[in-house]
Amino acid sequence: MSVPKTLKNQEKPLTPVMEDYLEAIFDLDKEKKVVRVKDIAKRLNVKMPTVTSMLKTLSKRRLVHYEKYEYVELTGEGFKVGREMRRRHGILYRFLPDILKVDGHLADEEACKMEHTLSDGTLDSLTDFMAFVQECPRAGESWLQNFQEYRIHGFKPEKCKGRTDGFACELKNRVESLEEDLPSGDE
């Protein structure tokens, strides 16, 4: 699902900070079922007046329901944005440590930065790549080329097995060739 960068009848796109607030409210709602200004301030490590100011902005954009001294609720549109930001963050957070072996804390910070900038197509490709790496082990020089086929046709265990067998045969031939090139012990 695409993040609605601009909402109906609004000219200005959502900023990364706005998206962070919507994601935080989405997460807090899942955890607590009641979201307060102080919860958001603590989650985002900002002061309560800063949260109040942003909530007024988000309320004007019809992304949250907020009244002073009341609980905060996402509107339908705010919920969609918050959920999408959580999904994007989760994908990126899994990719960084699982595939690239980035430290968990740094991965969380980096995912937060990246979630706002990647296009839907790039994020979809990244998601497919992660699945491909986990489902079909590396098999031969054309492994990354095979990724495109995987994106088009999905996981085919028989293809992965065939590629793995082909790679094993290729590797065996290379090792034998190298052994032939080594000087013999007869000298």
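Note that the coordinates shown come from a computational prediction; the quantities given were computed from them, not determined experimentally.

Draft legend 1. Region of the structure containing the pattern of salt bridges. On inspection of all chains with the given rule, the structure shows 12 salt bridges. For R43, the salt bridge goes to D27, with nearest N and O atoms at 4.0 Å. With R43 in helix α2 (residues 37-44) and D27 in helix α1 (residues 16-32), this pair connects stretches of sequence that are 16 residues apart. Take R43: its relative accessible area is 35%, and that puts it in the partly exposed class.

Draft legend 2. Spotlight on helix α3 (residues 48-60). The end-to-end C-alpha distance of α3 is 18 Å, a good match for the 18 Å that 13 residues give at a rise of 1.5 Å each. Inspection of α3 places V51, M54, L55 and L58 among the buried residues, and these make up the whole buried set. When α3 is viewed along its axis, its buried side chains cluster within an angular range of 105° and face the same direction. Across α3 from its buried face, at more than 90 degrees, point the exposed residues P49 and K60. Buried-residue contacts for α3 involve α1, α2 and β1 (64-65). Of the residues trailing α3, R62 is marked for its positive phi of about 60°.

Draft legend 3. Structural view of the environment of H105. Turning to its location among the elements, H105 is positioned in helix α5 (residues 104-114). Taking the C-alpha atoms as reference, H105 lies 9.6 Å from Y93; in sequence the two are 12 residues apart. Within polar-contact distance, the side chain of H105 engages the side chain of E109 at 2.7 Å.

Draft legend 4. Examining the nonpolar core more closely. Among the nonpolar cores identified, the biggest contains 22 residues, and I25, I40, L55, L58, V64 and V72 are the most heavily contacted of them. Sorting the residues of this core by element identifies α1, α2, α3 and α4 (76-98) as the ones contributing at least two each. Per element, the largest residue contribution to this core is 6 residues, and it comes from α1. Sequence-distant contacts of V72, defined by excluding residues within four places in its chain, comprise I25, V35, I40, L55, V64, H65 and Y66. F95, L126, F132 and F147 belong to the second-largest nonpolar core, a separate cluster that totals 13 residues.

Draft legend 5. Layout of the packing of α1 against α3. One way to put it is that α1 packs onto α3 with a least axis distance of 11 Å and a crossing angle of 100°. When the axis of α1 is compared with that of α3, the two are roughly perpendicular. When α1 is examined against α3, the residues V17, M18, Y21, L22 and I25 are found in contact with a partner set consisting of T50, V51, M54, L55, T57 and L58.

What counts and what doesn't
Residues numbered from 1 in each chain as written. Predicted model: local features only at pLDDT ≥ 70, side-chain atom pairs only at ≥ 80, totals over all residues. Heavy atoms only, no water. Salt bridge = Lys/Arg side-chain N within 4 Å of Asp/Glu carboxyl O. Helix = DSSP H or I, 4+ residues; strand = E, 2+ residues; numbered from the N terminus. Buried < 20%, exposed > 50% of the residue type's maximum accessible area, 1.4 Å probe, protein only. Expected span 1.5 Å × (residues − 1). Arc of directions from axis to C-beta. Contact = heavy atoms within 4.5 Å. Polar contact = N/O pair within 3.5 Å; in protein donor to acceptor, adjacent residues only side chain to side chain. Core = buried A, V, L, I, M, F, W, Y, C linked by side-chain atoms within 4.5 Å. Axes fitted to C-alpha atoms, helices over the stretch in contact; angles between N-to-C directions. Parallel < 35°, antiparallel > 145°, perpendicular 65-115°, else oblique.

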